Amino acid sequence: MNFLDNTGIWIYFIIFFGKILEVTVATVRVVLINRGEKKIGAFIAFFEILIWLFVTGTVLEGFQEDMLRVVVFALAFSIGNYLGSWMENKLAFGLSSIQVIVPNNEQSHALLEDLRQSEFAVTIIKGQGKDGERDLMVLHLLRKRIPKAMEIIHTHLENAVIIINDVKTLKGGYIKK
């Protein structure tokens, strides 16, 4: 296997970076569609498939004589999955719901006030836990605001029970953009 044959070493870079780009875009597209952004997802799919056809065609052309193309393709696929997940997490599309179970005491009241001063809408539900009265704080927010909410919660109550869920549809209420 000669790296500098008639195609040159550049073919491996095209395969590697092209596949990383394609899989990263595909990951973001799938997340967008799952979160209800069908039009944007369909638009992105057009470019994704163009990249896929080009890169896959490059790998399939002569892969039996040059198995390194297949290895580069597979490595780039896994890196693209990682980068796509990382990128989607940074972009933080969509909405989430946070449920915080806290004791009914002064610390939780201070937490409630701090969350509301930071423009989080919080609904309190009274409950009974194994160790007494509990408050269930429910927040609906943009995913990109989760780190701020978590910082506030941990500042007041490090041992609070926290549940975070994705929200597909939300109507009414208050969410700071």
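Below is a summary of the structure that appears in this document.

Each value, and the rule that gives it
Residues numbered from 1 in each chain as written. Predicted model: local features only at pLDDT ≥ 70, side-chain atom pairs only at ≥ 80, totals over all residues. Heavy atoms only, no water. Phe/Tyr/Trp six-rings, centres within 6.5 Å; stacked < 30°, edge-to-face > 60°. Helix = DSSP H or I, 4+ residues; strand = E, 2+ residues; numbered from the N terminus. Buried < 20%, exposed > 50% of the residue type's maximum accessible area, 1.4 Å probe, protein only. Lys NZ or Arg CZ within 6 Å of the ring centre and 35° of its normal. Pairing = 2+ DSSP bridges.

1. What to know about the packing of aromatic side chains
- A complete count under the given rule lists four aromatic pairs for this structure.
- Relative to Phe47, the ring of Phe43 lies with its centre 5.3 Å away and its plane at 70°, an arrangement referred to as edge-to-face. With Phe43 and Phe47 both in helix 2 (residues 38-60), this residue pair falls four residues apart, about one helical turn.
- Between Phe46 and Phe47 the ring centres are 5.2 Å apart and the planes differ by 85°, which places this aromatic pair in the edge-to-face class.
- By relative accessible area, Phe46 is classed as partly exposed at 48%.
- Accessibility expressed as a relative area gives 41% for Phe47, which makes it partly exposed.
- Chaining the aromatic ring pairs together yields one cluster made of Phe13, Phe16 and Phe17.
- In this structure, Arg145 packs its charged tip against the face of Phe120, placed 3.9 Å from the ring centre.

2. Considerations on the pairing of strand 3 (residues 132-142)
- When strand 1 (residues 95-103) meets strand 3, the two strands line up antiparallel, connected through nine bridges. By the bridge assignment for strand 3, Val102 is matched with Asp135.
- Where strand 2 (residues 122-129) meets strand 3, eight bridges bridge the pair, whose relative direction is antiparallel. Bridging across to strand 3, Val122 finds its partner in Leu139.
- Here strand 2 folds back onto strand 3, and the loop between the two strands holds two residues.

3. Some details on the pairing of strand 1
- Pairing of strand 1 with strand 4 (residues 161-167), which is carried by seven bridges, proceeds in the antiparallel orientation. Of the residues in strand 4, the one forming a bridge with Val100 is Ile162.

4. Looking at unusual backbone geometry
- Not every positive phi belongs to a glycine, and Glu119 is a case in point at roughly 65°.
- Here Glu119 lies in the loop between helix 4 (106-117) and strand 2.
- On the accessibility criterion, Glu119 (37% relative accessible area) is partly exposed.

That is the geometry; function is a separate question.
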